[in-house]
Amino acid sequence: MAIQGPIPISFEQAFPHGCFLVGQVEQVKNFEASTGGKTVYARDKTTGEPIWQVPVMDGDPNLKAGQKTIAVKILSEVEPVPPPALTGLPIAPVEFTGMTVTPYVNQAGRLAYSYRATGMKPARPKQQAPAGKEAAA
């Protein structure tokens, strides 16, 4: 049996180096259903919940500049509240809950991924690895 639909994934698997909110929460528009002056917002086909999106920067230092910023879509009846930005900076460390990933082929014919979540929260501080014991001489 083939995998169908979104694939559950943990935040740590999706963003092992963390990620940072770099823009505003926006409700996703349904451009096909919107007409004239009437805007219709997108809803998830499975749950019926409104879809919001937030731009995030992946903390992976090995990504190329064009790969660092992506949008994560959040399914929620109410607008998700972003965590506070770091003091003096326009970014906020963020974690997502209830994540899924859906692979697809983009318009350029390359494999791409769509990330969804059910919520977001301030990132937890990263645990430092315990210091190794010094070698005995």
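Reading guide: rules and limits
- Residues numbered from 1 in each chain as written.
- Predicted model: local features only at pLDDT ≥ 70, side-chain atom pairs only at ≥ 80, totals over all residues.
- Heavy atoms only, no water.
- Core = buried A, V, L, I, M, F, W, Y, C linked by side-chain atoms within 4.5 Å.
- Buried < 20%, exposed > 50% of the residue type's maximum accessible area, 1.4 Å probe, protein only.
- Helix = DSSP H or I, 4+ residues; strand = E, 2+ residues; numbered from the N terminus.
- Salt bridge = Lys/Arg side-chain N within 4 Å of Asp/Glu carboxyl O.
- Phe/Tyr/Trp six-rings, centres within 6.5 Å; stacked < 30°, edge-to-face > 60°.
- pLDDT = per-residue confidence, 0-100.
- Pairing = 2+ DSSP bridges.
- Contact = heavy atoms within 4.5 Å.

Colleague: So what's going on with the nonpolar core? Which residues, and what values?
Modeller: If you look at the biggest cluster of nonpolar residues, it comprises 20 residues, and the most contacted ones within it are F15, V54, V56, V72, F96 and M99. Elements with a minimum of two residues in this core: α1 (11-14), β2 (19-21), β4 (51-58), β5 (69-75), β6 (92-97) and β8 (111-117).

Colleague: So what about the pattern of salt bridges? Which residues, and what values?
Modeller: All told, the structure shown has three salt bridges when counted by the stated rule. Note that E12 is salt-bridged to R124, the shortest N-O span being 2.9 Å. Of this pair, E12 sits in helix α1 while R124 is found in the segment after β9 (119-122), placing the two residues 112 residues apart along the sequence. What makes E12 partly exposed here is its relative accessible area of 42%. Taking the relative accessible area as the measure of exposure, R124 reaches 47% and is therefore partly exposed. Here R124 and E95 are joined by a salt bridge, their closest N and O atoms 3.2 Å apart.

Colleague: Give a detailed account of the packing of aromatic side chains, specifying residues and quantitative values.
Modeller: With the rule as written, the count across this model stands at three aromatic pairs. Between F11 and F15 the ring centres are 5.6 Å apart and the planes differ by 35°, which places this aromatic pair in the tilted class. In this structure F15 comes out as buried when scored by relative accessible area, which is 1%. These aromatic residues form a ring-pair network of at least three members: F11, F15, F96 and Y115.

Colleague: Could you give an account of the confidence of the model for the chain, with specific residues and numbers?
Modeller: Of all residues in the chain, 91% attain a pLDDT of 70 or more, and the chain-wide mean is 89. The least confident element of the chain is helix α2 (residues 65-68), whose mean pLDDT is 88; the most confident is β4, at 97.

Colleague: Got a sec to walk through the pairing of β4? Specific residues and values, please.
Modeller: In this structure, β2 lies alongside β4, joined through three bridges in antiparallel fashion. Along β4, the bridge assignment pairs F20 with M57. Relative to β5, β4 runs antiparallel, the two being bridged by seven bridges. If you follow I51 over to β5, its bridge partner there is L75.

Colleague: Give a detailed account of the environment of F11, specifying residues and quantitative values.
Modeller: The residue F11 is located in helix α1 in this model. Taking the relative accessible area as the measure of exposure, F11 reaches 5% and is therefore buried. Considering only alpha carbons, one finds F11 and I70, 59 residues apart in sequence, at a separation of 14 Å. Residues in contact with F11, not counting those within four places in the same chain, are G18, C19, V94, E95, F96 and M99.

Colleague: Could you give an account of the environment of A108, naming the residues involved and the relevant values?
Modeller: Of note, A108 is situated in the loop between β7 (100-105) and β8. Sequence separation between A108 and L63 is 45 residues, and the spatial gap between their C-alpha atoms is 19 Å.

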